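Structural overview
Each chain is listed here by its residues.
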Amino acid sequence: MLRETLFTVKEEERPTRDGFGDGLVAAGDEHTKVVALCADLTESVRMEAFRDKYPNRFFEVGITEQAMSGVASGMAAMGYVPFMSSYAMFSPGRNWEQIRTTICYNNRNVKIVGAHAGVSVGPDGATHQALEDIALMRALPNMEVYVPCDATEARVITQHIATTHGPAYLRLTREKTPLMLPDSYVWGNGKAYIMSLPKHAYGGTFAHSVGIIGCGPILYEALKAARELEKEGIGVTVVNMPQVKPLDGAFLLRFVKEMKAIVTVEEAQASGGLGSAIAEFLAEHHPIRVARVGVEDRFGQSGKPQELYEEYGLTSKHIVEKVKNAIR
Amino acid sequence: MHSLTDVEVKALELRAEDIRESIVKMLTEAGSGHTAGPLGMADVFTALYFRVLNHNPRHPEWVQRDRVILSNGHIVPVLYATMAHAGYFSVSELKTLRRFGSRLQGHPHRESLPGIETTSGPLGCGLSQAIGMALMDKAEGHKPDRFFYCLMGDGELDEGQNWESFLLLNKYRLTKVIPIIDRNTIQIDGYTEDVLPLESLTSKFEAFNFHVIEINGHDFRDIVRAIGAAKNSLDKPTVIIAHTIPGKGVTAFEGDYRWHGKAPSDEESKKALKELRSLRGKIRYGED
């Protein structure tokens, strides 16, 4: 499931936060109970369109990530569907306990939107590059975790979580990244789906079959890696798993049967993220070689996104290496 | 709300004593939990549930109800005991406090027990939730007419989240939110002014642009009058500082911070219950 023009014409690019902004307005149109809170980063997290369209349903709470979590929980207690946003480093970074007790254990219908996640935030440096947010949110009972791969998916997931009941975390990124999914993309029943198959998937012309499973805009690097590997006779199927929790175990079990190895990719700490979730699941249910691409127990730093992808081993070149090692 | 008659005060005092007895019994049975705070706040909770609140114990989800948001979750024995005596559930269930499978969790869990408005325990969490509720209430034009009482401890004011919340309370001028602070001056490690000085609390809240009413938290007329005044304030929110004696009603527990976080032994409980019963109807604050 990809745009037909992907890799043939220059990619159209948008940040996932833009897709969220569109999705929030759409969710606001569809549901009168949708409200939004922001901790002094309204434009940056793309809540301004919602604020301008629905000023009475938007609440600027200032730099109070901890109190914002409680305020949102209180709003949910009155039957509303609050989306609360900040940079991921501050929410869910700073207010993890409030999210745990007041939102998750209290089981309130709050949607937590963490923007500017990953090293691709760039020049702001490590303090603003949330790499642990997936792990933090994945460990919480009642919480669902979503990592959209492009602006289209961010819009669709935003509209989807406006209709689910219970806490959800939506992870967004700052930089413009390629639109990979077709405009017609809708949130289906499957939480995970195949993005691309090797050209001769069922022709048996490949010596190896490897599955790359990832989430977020880094999947573009995975798609590039798959094309490279194909040239070398290694068949790679790329899977998007935008819902990290609950993990789509049924899909994984079906998928891994045909695979020699699995390589996971994400722009987060390799420890505790999607790769960990997949490795845990497969170790218990279908032991198979799993290798993870992610930040390896380090903090980020200032730099251009591409420089940082290079430094932290997140480019297609690194994914190619990881795949080759996995089947060696 | 007219001021209380002597007969009404007497009835509330007797009710508060029953609640204190229940608190001592349930904590002794549980073998752990917090003693001082619940006993100290028994009069305020009695006033709320038996005089002030618009509520219906048989329909805890009634949409028109006033909300009681307990921020300092560790004093939940007083909430459980008051709710049981008010008819939310049977008084006999109080002895399941802190037991495996009990609806009466060590710290309140909303989904476990109807009538509990929020899950709390980690300190500083209540006021922001009351603000979120009141914001939506305001968005709906205050219909139906509801109030949001946030019960807070003084020790928990150490938590920064409270001060974020006070800023928000001022910003949105939510006069339907009524914070009631238990100023019992103790916390686990000692007296509040030794651990992390809070004074002058009144001038702090005045600087936040709130009305501040200081009351004797064991005087029913004082409690009811202050809440009435807070409900009638339309220009800015009112913070009620309730001066209480931690462990109130049992001489051995009163004013001693070491009783903040422990439960009475069987022997201590016997003495405490004897004292509570012998003083029946005579618990007074000060010289009276």
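These notes cover the structure that comes with them. (Residues numbered from 1 in each chain as written. Chains lettered and ligands numbered in written order. Predicted model: local features only at pLDDT ≥ 70, side-chain atom pairs only at ≥ 80, totals over all residues.)

From N to C terminus, chain B includes 10 helices and seven strands. For 288 residues, the compact-globule estimate of 2.2 N^0.38 gives 19 Å, and the C-alpha radius of gyration of chain B, at 18 Å, lies within 12% of that figure. Each principal axis of the C-alpha distribution contributes one length, and for chain B these read about 50 × 45 × 40 Å. For chain B, buried positions account for 51% of its 288 residues. In chain B, the proportion of contacts linking residues at least 24 apart, taken out of those at least 6 apart, comes to 77%. (Helix = DSSP H or I, 4+ residues; strand = E, 2+ residues; numbered from the N terminus. Rg over C-alpha atoms; globule rule 2.2 N^0.38 Å. Buried ≥ 20, exposed ≤ 12 C-beta atoms within 10 Å, placed from the backbone. Contact = placed C-beta atoms within 7 Å.)

Okay, the overall build of chain A next. Each helix and strand in chain A was counted, giving 11 helices and 14 strands. Computed over C-alpha atoms, the radius of gyration of chain A comes to 19 Å, within 12% of the 20 Å expected from 2.2 N^0.38 for 328 residues, which places it in the range of a compact globule. Taking the principal axes of its C-alpha atoms as reference, chain A extends roughly 60 × 40 × 35 Å. For chain A, buried positions account for 58% of its 328 residues. Partitioning the intrachain contacts of chain A with sequence separation of at least 6 by distance along the chain shows that 81% fall at a separation of at least 24.

Further remarks concern helix α3 (residues 65-77) of chain A. All names here are of chain A. With 13 residues, α3 should cover 18 Å at 1.5 Å per step; its first-to-last C-alpha distance of 18 Å lies within 8% of that length. Of all the 13 residues making up α3, 13 are buried; the element is thus mostly covered by neighbouring parts of the structure. Phi for glycine 79, located one or two positions after α3, is positive at around 95°. (Expected span 1.5 Å × (residues − 1).)

Residue and element names in this part refer to chain A. Taken in spatial order, the seven strands line up as β3-β2-β4-β5-β7-β6-β12 in an open sheet, and their pairing is mixed. In the strand order of this sheet, the two ends are held by β3 (58-60) and β12 (243-245), each with one partner. Within this sheet the neighbouring strands show an average axis-to-axis angle of 20°, counted without direction. In terms of strand pairing, strand β2 (residues 34-38) meets β3 through three bridges, oriented parallel. In the strand pairing of β3, leucine 37 is matched with phenylalanine 59. Set on the sheet, α3 makes contact with β2 and β4 (81-87); between it and β4 the angle comes to about 170°. (Pairing = 2+ DSSP bridges. Axes fitted to C-alpha atoms, helices over the stretch in contact; angles between N-to-C directions.)

Attention now moves to the packing of α3(A) against helix α6 (residues 160-172) of chain B. Where α3(A) meets α6(B), the axes come as close as 8 Å, and the angle between the chain directions of the two elements is 65°. Taken together, α3(A) and α6(B) sit at an angle that is classed as roughly perpendicular. The two elements α3(A) and α6(B) cross, and the hand of that crossing is right-handed. Here A:Gln66, A:Ala67, A:Gly70 and A:Val71 of α3(A) lie close against α6(B), whose contacting residues are B:Gly160, B:Gln161, B:Glu164, B:Ser165 and B:Leu168. Among the residues forming the contact of α3(A) with α6(B), the class breakdown is three nonpolar, five polar and one charged. (Parallel < 35°, antiparallel > 145°, perpendicular 65-115°, else oblique. Left-handed = near helix turned anticlockwise from the far one by under 90°. Nonpolar A, V, L, I, M, F, W, Y, C, P; charged D, E, K, R; others polar.)

What follows is about the interface of chain B and chain A. Facing the 24 residues of chain B at the interface are 23 residues of chain A. For the side of chain B that touches chain A, the element with the highest residue contribution is helix α5 (residues 126-139) of chain B, accounting for 10 residues. A per-class count over the side of chain B that touches chain A returns 10 nonpolar, 10 polar and four charged.

Before going further, it helps to spend a moment on the pairing of strand β2 (residues 148-153) of chain B. Residues and elements named next belong to chain B. By the criterion of burial, β2 is predominantly enclosed, with six of the six residues buried. Of the two faces of β2, the one holding Phe148, Cys150 and Met152 and the one holding Tyr149, Leu151 and Gly153 are both buried throughout. By the bridge criterion, four bridges tie strand β1 (residues 67-70) to β2 in an arrangement that is parallel. Paired with arginine 67 across the bridge in β2 is phenylalanine 148. Where β2 meets strand β3 (residues 177-183), six bridges bridge the pair, whose relative direction is parallel. The residue bridging tyrosine 149 from the neighbouring strand is isoleucine 178, located in β3.

Residues and elements named next belong to chain B. Taken together, five strands build an open sheet; the order of strands is β1-β2-β3-β7-β6 and the sheet is parallel. Edge positions in the open sheet fall to β1 and β6 (211-216), since each of these has one partner strand only. For this sheet, the mean angle separating the axes of adjacent strands, direction not counted, is 20°. Bridging between β3 and strand β7 (residues 238-243) involves four bridges; their strand directions are parallel. Bridge assignment links isoleucine 181 to a residue of β7, and that residue is isoleucine 241. Set on the sheet, helix α9 (residues 220-232) makes contact with β3, β6 and β7; between it and β6 the angle comes to about 170°.

Below, the discussion takes up the environment of A:Thr102. Relative to the elements of secondary structure, A:Thr102 occurs in helix α4 (residues 96-105). On the basis of neighbour count, A:Thr102 is assigned to the buried category, with 30 C-beta atoms found within 10 Å. Measuring from C-alpha to C-alpha, the distance between A:Thr102 and A:Ala72 comes to 9.4 Å, with 30 residues separating the pair along the chain. Not counting residues up to four positions away in its chain, the partners in contact with A:Thr102 are A:Ser69, A:Gly70, A:Ser73, B:Thr119, B:Cys125 and B:Gln129.

Moving on: unusual backbone geometry. Residue and element names in this part refer to chain A. Between serine 91 and the following residue, proline 92, the backbone shows a cis peptide bond with an omega angle of 20°. By secondary structure assignment, the location of proline 92 is in the loop between β4 and α4. With an omega of -5°, the peptide bond between lysine 245 and proline 246 qualifies as cis. Structurally, proline 246 can be placed in the loop between β12 and α8 (249-256). Its identity as a non-glycine residue notwithstanding, phenylalanine 7 has a phi of 70°, on the positive side. Tracing the backbone shows phenylalanine 7 in the segment before β1 (13-14). With a phi angle near 55°, histidine 116 is a residue other than glycine that sits in the positive phi range. Here histidine 116 falls in the buried class, since 26 other C-beta atoms lie within 10 Å of it.

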